[in-house]
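Residue strings, one per chain:
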Amino acid sequence: MAVIDMAEAMARVPQKGFLDVELDPTLDLFAEIERLKKEKNAIVLAHYYQEPDIQDVADYIGDSLGLAQKARDTNADLILFAGVHFMAETAKILNPTKKVVLPDLKAGCSLSDSAPPELFARWRQQYPDHIVVTYINCSAGMKALSDIICTSSNAKAIIDSLPADQPIIFAPDKNLGAWLNKATGRNMVLWNGACMVHEIFSLEKISKLKLRHPEAKLLAHPECEEPVLQLADYIGSTTQLLKYSRTDASQAYIVATETGILHQMQKDSPHKTFIPAPPNNACACNECPHMKLNTLEKLYLCLRYETPELTMPEELRLAALRPIDRMLEISQAAGLLG
Ligand code: 13P
Ligand code: SF4
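Just so you know, these numbers come straight off a predicted model, no measurement behind them.

> Please clarify how the packing of helix H2 (residues 29-40) against helix H15 (residues 296-305) should be interpreted in this entry.
To describe two helices that pack against each other, one gives the angle between their axes and the distance between the axes. At their nearest, the axes of H2 and H15 sit 10 Å apart, and the two run at 25° to each other. With respect to their mutual orientation, H2 and H15 come out roughly parallel. Once H2 is placed against H15, the crossing between them reads as left-handed. On the side of H2, the interface is formed by Leu29, Phe30, Glu32, Ile33, Leu36, Lys37 and Lys40, while H15 contributes Leu296, Glu297, Leu299, Tyr300, Leu303 and Arg304.

Next up, the structure:
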């Protein structure tokens, strides 16, 4: 394989955000990754939207809540986070003594980008008596401006735990916020952000698919737009959708979330049929381009050279930790932590 030393590896990171190295194609990456995990006492945490190979080498695959919990509780010395930047940031916030690395530092998130902290801080001044509940898909800077964080697994329980007369701002996802307003009977003020993947589904094409597959249930993530959610038979976080597909009696499903989740759905229920919900054009837009920046090759290099590393100023970390801790306390009380 192409040999580079540590100094060279480090030198390549700032320009590229990942190690731009040609690998020997005969290298057994699966075996090498297993060897390196043991050698370094490392854990690989992966989100369901990662490519199948990455899911297959992960020690834990989960949704944002499960991953945050695993990152907080692990005894590993090195956390390799196969997901996007805000997820690795959350791991570092929760477990600061561990080294946190992610295969590509440029793996961002359109939803997180839709809420720049400086803009949000100015905007929220119009609502001085509102508390801020923020979806975990945001930067550490946004978390530091929030009162409570939530994920799609616990958002309803978090909102329900607040006094009925408490005015709330919900950010950054307007679709999840609108769905929560309906589900909780609240009238939260919504920040105008959205996920590029969950807004791309075509209602018309999904309706036609449903006609062609009348037996198939529509499973949707609450980041989808309201017309898609109205058609859905079940709405939930990635973990909740996976669990539903495993335990429900139907044999076929149309899945309106990022296509990576189909890998686990199919593994868990090999006899069932899973159809990705179609986007409103011909591209593979129901794949998250940020999540898919991570590859098995980059994961291997990241584990081998322990870079790029996620770091953050301690002051910011502590400010972002407070609303995450509140989320975990409420989730614990609601019996939502595994
Ligand atoms: P969950 O896995 O928490 O449902 O989040 C989905 C998502 O969009 C992550 O980026
Ligand atoms: Fe962000 Fe959407 Fe990609 Fe999730 S799927 S990381 S919310 S852009």
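> Would you explain the site of ligand 1 in this entry?
Contacts to ligand 1 come from 13 residues, most closely from His47, Ser64, Ser152, His221 and Thr238. At 2.6 Å from an oxygen atom of ligand 1 is found a side-chain nitrogen or oxygen belonging to His47. One of the side-chain nitrogen or oxygen atoms of Ser64 is found 2.9 Å away from an oxygen atom of ligand 1. When ligand 1 is considered free in solution it has 300 Å² of accessible area, and contact with the protein chains removes 96% of it.

> Help me understand the sheet that holds strand S9 (residues 217-220), please; the structure alone is not making it clear to me.
Across a sheet, paired strands are connected by hydrogen bonds in the backbone, their directions being either parallel or antiparallel. Ordered in space as S10-S9-S11-S12, the 4 strands form an open sheet in which the pairing is parallel. Two strands lie at the open edges of the sheet, namely strand S10 (234-235) and strand S12 (273-276), each paired on one side alone. Bridge count between S9 and strand S11 (residues 252-256): 4 bridges; the pairing is parallel. Looking at S11, one finds that Leu219 is bridged to Val255.

> Teacher, can you tell me more about the packing of aromatic side chains here?
Working definition: an aromatic ring pair is given by the centre-to-centre distance plus the angle between the planes. In this structure the tally under the stated criterion is 6 aromatic pairs. Centroid distance Trp123 to Trp191: 5.0 Å. Interplanar angle 85°. Geometry classified as edge-to-face. Of this pair, Trp123 sits in helix H7 (residues 117-123) while Trp191 sits in the loop between strand S8 (189-190) and helix H11 (203-212); the two residues are 68 residues apart in sequence, bridging distant segments of the chain. The class of Trp191 is buried, set by a relative accessible area of 9%. Consider the rings of Tyr234 and Tyr244, whose centres lie 4.2 Å apart with planes at 5°: the pair is stacked. With Tyr234 in strand S10 and Tyr244 in helix H13 (residues 238-247), the pair connects residues that are 10 residues apart, well separated along the chain. For Tyr234, a relative accessible area of 24% gives the class partly exposed. Among the aromatic residues, those joined into a ring-pair cluster are Phe120, Trp123, Tyr127 and Trp191.

> I would appreciate a short explanation of the nonpolar core in the present structure.
A general trend in soluble globular proteins is that nonpolar side chains are found buried together. The biggest cluster of nonpolar side chains holds 63 residues, and the ones touching the most others in it are Phe81, Val133, Phe170, Met265 and Met327. Counting residues in hydrophobic clusters, the runner-up holds 22 residues, among them Val21, Ile33, Leu299 and Tyr305.

> I tried to follow the side chain of Ser250 on my own but got confused; where do I start?
Mapped onto the elements of the fold, Ser250 is located in the loop between H13 and S11. Judged by its relative accessible area of 13%, Ser250 falls in the buried class. A polar contact is formed between the side chain of Ser250 and the side chain of Asp248, at a distance of 3.0 Å. In this structure Ser250 touches Lys217 and Lys272, once residues within four positions along its chain are discounted.

> Help me understand the pattern of salt bridges, please; the structure alone is not making it clear to me.
Per the stated rule, a full pass over the model turns up 17 salt bridges. A salt bridge links Glu32 to Arg35; the nearest nitrogen and oxygen atoms lie 2.8 Å apart. Residue Glu32 and its partner Arg35 are located together in helix H2, separated by 3 residues, close to a single helical turn. When its relative accessible area of 18% is taken as the criterion, Glu32 is described as buried. Exposure remark for Arg35: the relative accessible area of 41% places this residue in the partly exposed category. In this structure, the salt-bridge partner of Lys217 is Asp248, at a minimum N-O distance of 2.8 Å. Taken together, the residues span a long stretch of sequence, with Lys217 in strand S9 and Asp248 in the loop between H13 and S11 at a distance of 31 residues. Several salt bridges share partner residues, and in doing so they unite Glu32, Arg35 and Glu39 into one network.

> Would you mind showing me how to read the environment of Leu65 here?
Within the fold, Leu65 resides in helix H4 (residues 64-73). Leu65 sits in the buried class, given a relative accessible area of 4%. Once the C-alpha coordinates of Leu65 and Ser237 are considered, the two residues, 172 residues apart in sequence, prove to be 9.4 Å apart. Beyond its immediate stretch of four places on either side in the chain, Leu65 contacts Thr151, Ser153, Asn154, Met327, Leu328, Ser331, Leu336 and Leu337.

Thresholds applied
- Residues numbered from 1 in each chain as written.
- Chains lettered and ligands numbered in written order.
- Predicted model: local features only at pLDDT ≥ 70, side-chain atom pairs only at ≥ 80, totals over all residues.
- Heavy atoms only, no water.
- Axes fitted to C-alpha atoms, helices over the stretch in contact; angles between N-to-C directions.
- Helix = DSSP H or I, 4+ residues; strand = E, 2+ residues; numbered from the N terminus.
- Parallel < 35°, antiparallel > 145°, perpendicular 65-115°, else oblique.
- Left-handed = near helix turned anticlockwise from the far one by under 90°.
- Contact = heavy atoms within 4.5 Å.
- Near = heavy atom within 4 Å.
- Polar contact = N/O pair within 3.5 Å; in protein donor to acceptor, adjacent residues only side chain to side chain.
- Areas by Shrake-Rupley, 256 points an atom, 1.4 Å probe, with all protein chains shown as cover.
- Pairing = 2+ DSSP bridges.
- Phe/Tyr/Trp six-rings, centres within 6.5 Å; stacked < 30°, edge-to-face > 60°.
- Buried < 20%, exposed > 50% of the residue type's maximum accessible area, 1.4 Å probe, protein only.
- Core = buried A, V, L, I, M, F, W, Y, C linked by side-chain atoms within 4.5 Å.
- Salt bridge = Lys/Arg side-chain N within 4 Å of Asp/Glu carboxyl O.

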